[in-house]
Amino acid sequence: MKIGIIGAGNIGGNLTRRLTALGHDVSVANSRGPHTLTALAEETGATPVPAEEAARGAEVVVVTVPVKALPDLPSGLLDGAADDVAVIDTGNYYPQRDGRIAAIEDDGLTESRYAEREIGHPVIKAFNGTYAQDLLERPHPAGHPDRMALPVAGDDDVAKSKVRDLIDELGFDTVDVGGLDDSWRQQPGTPVYGLREGVDAVTKALGEASPERPADFRG
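How each quantity is defined
Residues numbered from 1 in each chain as written. Predicted model: local features only at pLDDT ≥ 70, side-chain atom pairs only at ≥ 80, totals over all residues. Heavy atoms only, no water. Pairing = 2+ DSSP bridges. Helix = DSSP H or I, 4+ residues; strand = E, 2+ residues; numbered from the N terminus. Contact = heavy atoms within 4.5 Å. Axes fitted to C-alpha atoms, helices over the stretch in contact; angles between N-to-C directions. Buried < 20%, exposed > 50% of the residue type's maximum accessible area, 1.4 Å probe, protein only. Salt bridge = Lys/Arg side-chain N within 4 Å of Asp/Glu carboxyl O.

Visitor: Explanation requested: the sheet that holds strand β7 (residues 149-154) in the structure shown.
Guide: Hydrogen bonds between backbone groups are what pair the strands of a sheet, and the pairing can be parallel or antiparallel. The sheet built from 8 strands is open, its strands ordered β3-β2-β1-β4-β5-β6-β7-β8 with mixed pairing. Every interior strand has two partners, whereas the edge strands, β3 (47-48) and β8 (173-178), have only one. For strand β4 (residues 60-63) and strand β5 (residues 86-89), the ladder comprises 4 bridges, and the chain directions are parallel. Across the sheet, the residue bridging to V62 is I88, located in β5. In the packing of helix α1 (residues 10-21) onto the sheet, contacts are made with β1 (2-6), β2 (25-29) and β4, and the angle to β1 comes to roughly 165 degrees. Contacting β7 and β8, helix α8 (residues 199-207) crosses the sheet at an angle of about 20 degrees to β8.

Here's what the structure looks like:
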């Protein structure tokens, strides 16, 4: 599968490592330009590209940038992507880093609904509460007693299924959170955020979440 990754930080870099190792054709971009991705490209075989080219031909695009950087993504980011492209948002809103975003705090948008608006395309929320190193160190085959489950939210069931299948291939189970308006259940400060457990524990944690944003995650 052709996959574009926009953002080469901890999550983006480790997804590049895992997905290329699984045989996918990965293009990776960051805000500083392809020349800064030479080492990652040499390590993984991924193709470093400008951000506006990362989605070309891609069936899956992973947007893994700070929330404050979303408005600065190039226009036409998804031009040339497959018609049925699934766009994954891995981001989290941290006011101490991103500044206060009124659309999230005052208007009540979930973080990924805000990302969807800025990107201009429906998104699937996944990997946002996953430790980057776990992508390398904690994959397990289906049925393994220590296999972790990751929450996934989104409105497009076809795109969500594609993302869940990809996560399964990476070595993790998934739990369907519901639509993006329910994705507050997996935002920072919720019981499932950073949880390294299986399907049952993740399902329980999602059910225990509160829609009220914790004080530590308000600007």
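Visitor: What am I meant to see in the environment of D72 here?
Guide: Mapped onto the elements, D72 comes out in the loop between β4 and β5. By relative accessible area, which is 64% here, D72 ends up exposed. The sequence separation of D72 and L206 amounts to 134 residues, and the corresponding C-alpha distance is 32 Å.

Visitor: What exactly am I supposed to notice about helix α5 (residues 111-119) here?
Guide: Two residues of an α-helix separated by three or four positions point the same way, owing to the 3.6 residues in each turn. With 7 of its 9 residues buried, α5 lies for the most part within the structure. Those residues of α5 lying buried are E111, S112, R113, Y114, A115, E116 and I119. Where α5 is buried, its residues contact β4, β5, α4 (102-105) and β6 (124-125). G120 lies just past α5 and shows a positive phi near 80 degrees.

Visitor: What is the right way to look at the environment of M148 in this model?
Guide: On the secondary structure map, M148 appears in the loop between α6 (132-137) and β7. Spatially, the C-alpha atom of M148 lies 5.0 Å from that of E197, the residues being 49 residues apart in sequence. When residues no more than four places from it in sequence are discounted, the contact partners of M148 are D134, R138, F172, D173, L195, R196 and E197.

Visitor: I tried to follow the pattern of salt bridges on my own but got confused; where do I start?
Guide: Once their charged atoms are close, side chains differing in charge can pair, the charge on each being opposite to the other. With the rule as written, the count across this model stands at 17 salt bridges. Among the ionic pairs, R113 bridges to D181, the shortest N-O distance being 3.0 Å. Taken together, the positions of R113 in helix α5 and D181 in the loop between β8 and α8 put the pair 68 residues apart, joining distant regions of the chain. Here D134 makes a salt bridge to R196, at a shortest N to O gap of 2.8 Å. Residue D134 is located in helix α6, and its partner R196 is located in the loop between β8 and α8; the two are separated by 62 residues in the primary sequence. Take D134: its relative accessible area is 2%, and that puts it in the buried class. Members of the salt-bridge network, linked through shared partners, are R113, E116, D155 and D181.

Visitor: Before we go on, may I ask you to explain the environment of P211 in this structure?
Guide: Its place among the elements puts P211 in the segment after α8. Judged by its relative accessible area of 63%, P211 falls in the exposed class. The sequence separation of P211 and L78 amounts to 133 residues, and the corresponding C-alpha distance is 31 Å.

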